[in-house]
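What follows is each chain in one-letter form.
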Amino acid sequence: VDMQIDIVSVFPEYFDVLNLSLFGKAQSKGLVSVHAHNLRDWTHDVHHSVDDTPVGGGAGMVMKPEVWAECLDDLLGLEPQDMSANDDADSTAAPAETDGAAQETAASDALQDAQSGNDLRTPVHTPDSVLIFPNPSAPLFTQRDATELSHAKRLVFGCGRYEGYDARIPAYYRAQGVDVREYSIGDYVLNGGEVAVSVMLEAITRLLPGFMGNPESIVEESYTGSEALLEHRQYTRPAVWRGMGVPDVLLSGDHGKVDRFRRDEALARTDAIRPDLIEQLDCARLSKADRKT
Ligand code: 6GU
């Protein structure tokens, strides 16, 4: 198998759908293998409890580190370590700050690559095994992350509930040398990480060679090329439908004009709908015609 994926969740049945449709086909072709595990299988108490009240008070529950660690040690083949010899380990705040800084450095590297015109399809580095936690308070998951992670051999996703998981869990595995990522999928709140993991999984696995029927369609789409622009609009036949025509230029057969029309529309729509993406564009790479738009 090209990529092995493990998902840990208290609702592993949620991922039964992965055996259907496009994903099921990719599994039978041997491109990916996905296993969803029940976190409660790693509990020892009669109530199979996975969470506890937040230290310092507050609403909701927080996922306990012990259960997660037994599970993740098993999946990653690691032995339990006592971190008390490590200076940073006696306070949660210190490692947490270091983590944030590391991710910010990665994010700013990615931004620099984008600004230098480094192709979004080229990963900054090829990860081997990556541990991923969905987290609404983490950096946004982008096409660049999907591309990078599509080159990994092994992905382990840990689905937490939305109130969160103990911050020592990602910090501990980072300290063990594991490539740990935390991502949000957007500025809204979900009940748990399951939907977010499905979203990331689909964005990643569709990039695997052989997954898509037509690999060309990946090259042209939004967020993928050397620039992240929204795509131009699409039309199919008939040329007039219920009195509504398609833009004349698309019927002209002049490929140069068609390309220019589509590029102008992509720039104009991105400027109107997602001005933040225009800000990230490398102006030096825009043509004179582009700048007029
Ligand atoms: Cl990754 N998790 C949850 N619970 N809510 C989210 C999210 C993740 N991303 C956006 N909202």
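Residues numbered from 1 in each chain as written. Predicted model: local features only at pLDDT ≥ 70, side-chain atom pairs only at ≥ 80, totals over all residues.

## So, the UniProt feature "binding site: S-adenosyl-L-methionine" (unreviewed entry) in the protein chain
(1) Moving on: The feature "binding site: S-adenosyl-L-methionine" (unreviewed entry), as given by UniProt, occupies Gly 160, Ile 185, Gly 186, Asp 187, Tyr 188, Val 189 and Leu 190 in the numbering adopted here.
(2) Moving on: Along the chain, Asp 187 turns up in the loop between β7 (179-183) and α6 (193-205).
(3) Moving on: A residue is classified by how many C-beta atoms lie within 10 Å of it, and Asp 187, with 7 of them, is exposed.
(4) Moving on: Mapped onto the secondary structure, Leu 190 falls in the loop between β7 and α6.
(5) Moving on: Residue class for Leu 190 comes out partly exposed when judged on the 16 C-beta atoms lying within 10 Å of it.
(6) Moving on: Here Leu 190 is in contact with Tyr 162, Val 195 and Ala 196, once residues within four sequence places are set aside. (UniProt positions renumbered as here; feature names shortened; annotations may be inferred. Helix = DSSP H or I, 4+ residues; strand = E, 2+ residues; numbered from the N terminus. Buried ≥ 20, exposed ≤ 12 C-beta atoms within 10 Å, placed from the backbone. Contact = placed C-beta atoms within 7 Å.)

## Looking at the packing of helix α2 (residues 65-76) against helix α5 (residues 168-175)
(1) Moving on: Put simply, α2 and α5 touch, their axes get as near as 10 Å, and they point 35 degrees apart. Crossing angle aside, the handedness with which α2 passes α5 is right-handed. Contacts between α2 and α5 involve Pro 65, Trp 68, Ala 69 and Leu 72 on the former and, on the latter, Arg 168, Ile 169, Tyr 172 and Tyr 173.
(2) Moving on: In the contact of α2 with α5, the residues fall into 7 nonpolar, no polar and 1 charged. (Axes fitted to C-alpha atoms, helices over the stretch in contact; angles between N-to-C directions. Left-handed = near helix turned anticlockwise from the far one by under 90°. Nonpolar A, V, L, I, M, F, W, Y, C, P; charged D, E, K, R; others polar.)

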